[in-house]
Structure formats: C-alpha cells, structure tokens
Amino acid sequence: MARVMVIFGGRSGEHEVSLASARAVMEALESGGRHEVLPVGITREGRWLLSGDPMRALTDGNAGPGGELSSAVGSSLPGTLGPADVVFPVMHGPYGEDGKMQGLLEMAGIPYVGSGVLGSAVGMDKVTMKKVFAHHGLPQVRWRGLVRRDWEQDREAVIRAVESEPGYPCFVKPSNLGSSVGINRADDEEGLAAALDEAFRYDRRVIVEQFVDAREVEVSVLGNDHPEVSLPGEVVLSGGAFYDYEAKYGEGGMRLVVPAEIPEEAAGEIERIAREAFTAVDAAGMSRIDFFLERSTGKLFLNEINTIPGFTATSVYAKLWEASGLPYPDLLDRLISLALERHAENG
Ligand code: ADP
Ligand code: MG
Ligand code: MG
C-alpha cells in the first residue's frame, strides 16, 4: 500500500489522452484498497489543481481559480508533494513526458514512475532520439531535422533540402509531440509546404522522414537496468491512411493482434532492438517501443520510443503486458516498485 500522487492533464496537445489514462490508473490503484490516490490536475493553461476533485474539474471544464505552481506551493514544493510516497505523472507530450515534470520531481526529492530527466527528454525529441539510436547502429528510416527559423527565412531552400533527402513521399512531424498530432504525409512540394507549416505550429523543431509502406509492430518494455520486453503486437488499422489521432483514440479505429503474426526472426530482432533502444536513451520504468516492418522487403525499422505511453487498461501498453501474463493492476504495482528502487539507488 502506497500513497500515490497521480498527476494528469497539462499544457499539451495530449491533455485529453492524459485524462483518460489517469482515470484508468486511479481506478486500478484504488481498487480493493490497494493504494491511496492523491489526484493532482493541471489545466491546459498550466494551473495546478491540488485540492477537491481535479479530475471532475478538468472533465467539466470548470477548473475554478486553482493556482500557478509557484503560488500554490510557495517556496516549499517538497511540502506540497510530501504526503505522497511516489508520484505517477500520467501525462503525455510536452510538460509531462519530456523531462520537465521529472526535473521538478527530482528537485522535490520524491520517487516517481517512469524515466528520469534525460530519458524523458531524449525520448520526447524525435530528432535527438534518432541521433542516439543511430549512434547505437539501430535500423531507422532516412530523416532530416529542421528548425522553424530556417523555414521562416527561406522556404525554398528548406523544400529543396527535403527534396534531396529524404525526398518524396515523406512524413513531416513536430519533433516533440505524440498521438500523431501535427503529423502529415507529403507527396509533392505543395503538400510539403502545408505539412511544414502545420508541424512548425506545434514545435520549433520538425523532423521529415522517408515514407515506408509498413506494418506497425509495438512492444512494451518494463524495468530499469535490465528491462523485460512483452510479446509483440501488430496495430492493424480499420481504415485511414496512417495511424493518426482518430485511429488511436476513435471507436474501432484499430485492432491489436497479439502476438503479432510476424516471422520469428523479426520478433527476435524486435526484442533485442527494443531493449537496446530503451537503454540507449536511458529510459526507466516503462516505455512502448514502436517498429515498422516494411511490406515489400520485410525490413525492420525502429520508429520511436514512448516513455509515457497511453495508459488505459485497453491501451496497447497494458494489453501487451496482459497478453504476456501481467494484468493491469499488477503492472501498476511493478511500476511503483521500480520507481522506489530507482529512487533508492539514485538517492
Ligand atoms: P507519434 O509520436 O505522434 O506517435 P509517430 O512517429 O509514431 O509519432 O508517427 C505516427 C504514425 O504516423 C505512425 O504510427 C505511422 O502510422 C505514421 N508514420 C510515421 N512515420 C512514418 C514513416 N516514416 N512512414 C510511414 N508512416 C509513418
Ligand atoms: Mg510517440
Ligand atoms: Mg507513435
């Protein structure tokens, strides 16, 4: 039995997704009196809701006055977080998954679920993540990183650069985001310009990748220095061009096939690469690691790591563990233990 502070919402395009994950986490933590939950909500504007029923306030959209973090906790952040034994930041995207929250929790000296500052930040920024993976020789599609200032100053030059490498068709993504927000495929100059305009609305940094026509296979990873890898699952889309926001969260947008029906050799490679990728970015606790298996060639590419994956009981992360013999409530217990272990080691 632990007192678990669950933090949700936040200043992110994935605010809603966070609320859904946090509802499921809180319900499972409290079921059968396993743990005590201390809910903390953060509004889209970044105000912290430290009392009352913050989930209700965020769901109903009447968060009331709340407080800036600074005024809410004054000079004593540890005091505010003090009643908790461990924090579970159930937040996706910037200001939750990218190391900023983790830094705050480090400063407060309190154990928390998931990756630390470095693993979170590297895992969140696709450009940096790809550089680290490349250093470890992990297979990836061709890509190019861009910054907003260059796009504002000379659109023509940026377009020519992308056309030379990686070329069309390509995928354009904000570097720091998730849930497919701001992601578009581009097949020609006009499409590329529109995709870059949109991606740069979300982020100063953008990544453009070579398009691959591929099956999408994902694994869940759990642990600290010697992580375990779940069975692989294949995400099969019901329609739509790619695994976009609607397919991820809409009713019936996708089907998860576990275990993925892929060659044994590919499954072995996926397990090995997932473990290496997790360690390469210095992830901890949990991550979902996503792959592309090219249809025409059977070639495997590492797509990305998600250090705080969608976390409802029916999210891919939890379903893969369930199929691997670890039910959702036990998964939460393991994550809490891993957080406490990591804190004790670092302390
Ligand atoms: P996010 O972090 O938002 O999930 P991803 O990089 O996983 O971003 O991209 C979201 C989805 O877009 C993928 O699951 C896949 O369907 C599609 N996609 C991304 N990159 C490529 C690519 N290079 N080629 C083909 N499809 C891609
Ligand atoms: Mg992602
Ligand atoms: Mg993804």
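For the structure given in this document, a descriptive report is provided here. (Residues numbered from 1 in each chain as written. Chains lettered and ligands numbered in written order. Predicted model: local features only at pLDDT ≥ 70, side-chain atom pairs only at ≥ 80, totals over all residues. Heavy atoms only, no water.)

On a plain count of helices and strands, the protein chain comes out with 14 helices and 14 strands. C-alpha extents for the protein chain along the principal axes are approximately 55 × 50 × 40 Å. When each of the 347 residues of the protein chain is scored for burial, the buried share is 54%. For the protein chain, contacts bridging at least 24 residues in sequence account for 66% of all contacts bridging at least 6. (Helix = DSSP H or I, 4+ residues; strand = E, 2+ residues; numbered from the N terminus. Buried < 20%, exposed > 50% of the residue type's maximum accessible area, 1.4 Å probe, protein only. Contact = heavy atoms within 4.5 Å.)

One pass over the full model with this rule turns up 24 salt bridges. Several salt bridges converge on common partners, so that one network encompasses Glu156, Arg160, Glu163 and Glu189. (Salt bridge = Lys/Arg side-chain N within 4 Å of Asp/Glu carboxyl O.)

In the neighbourhood of ligand 1, 19 residues make up the surrounding shell, with Lys126, Lys173, Ser180, Glu216 and Lys248 lying closest. For ligand 1, an oxygen atom lies 2.6 Å from a polar atom in the side chain of Lys126. Within the side chain of Glu216, a nitrogen or oxygen atom sits 2.5 Å from an oxygen atom of ligand 1. Isolated, ligand 1 exposes 550 Å² of accessible area, and the fraction of that covered by the protein chains is 96%. Residue contributions to the shell around ligand 1 reach at least three from each of two domains, namely domain 2 (123-127 + 131-137 + 213-346) and domain 3 (142-210). (Near = heavy atom within 4 Å. Polar contact = N/O pair within 3.5 Å; in protein donor to acceptor, adjacent residues only side chain to side chain. Areas by Shrake-Rupley, 256 points an atom, 1.4 Å probe, with all protein chains shown as cover. Domains from an automatic or database assignment.)

Take the pairing of strand β1 (residues 3-9) next. Most of β1 sits out of view: six of its seven residues are buried. Bridging between β1 and strand β2 (residues 36-42) involves seven bridges; their strand directions are parallel. Residue pairing across strands places Ile7 opposite Val40, the latter belonging to β2. Handedness of the crossover joining β1 and β2 through helix α1 (residues 15-30): right-handed. Here β1 runs beside strand β4 (residues 86-89); their pairing, made up of four bridges, is parallel. (Pairing = 2+ DSSP bridges. Right-handed = clockwise from strand over helix to strand, strands pointing away.)

This brings us to the packing of α1 against helix α14 (residues 328-346). Packing of α1 against α14 leaves a shortest axis separation of 9 Å and a crossing angle of 90°. Taken as axis vectors, α1 and α14 run roughly perpendicular relative to one another. In this structure, α1 contributes Ser21, Ala24, Val25, Ala28 and Leu29 to the contact, and α14 contributes Tyr328, Leu332 and Ile336. Within the contact of α1 with α14, the residues separate by chemical class into seven nonpolar, one polar and no charged. (Axes fitted to C-alpha atoms, helices over the stretch in contact; angles between N-to-C directions. Parallel < 35°, antiparallel > 145°, perpendicular 65-115°, else oblique. Nonpolar A, V, L, I, M, F, W, Y, C, P; charged D, E, K, R; others polar.)

What follows covers the nonpolar core. Of all hydrophobic cores here, the largest spans 35 residues; its most connected members are Val6, Val25, Phe88, Phe311 and Leu331. Elements with a minimum of two residues in this core: β1, α1, α2 (54-60), β4, α13 (316-323) and α14. Looking at which domains feed residues into this core, each of domain 1 (2-112) and domain 2 (123-127 + 131-137 + 213-346) supplies at least three. Once you skip the residues sitting within four places of it in the chain, Val25 turns out to touch Val6, Phe88, Val90, Phe311, Tyr328 and Leu332. Core analysis: the next-biggest nonpolar cluster, separate from the first, contains 25 residues, Ala266, Phe278, Ile289 and Ile305 among them. (Core = buried A, V, L, I, M, F, W, Y, C linked by side-chain atoms within 4.5 Å.)

Distances and angles like these do not, on their own, reveal function.
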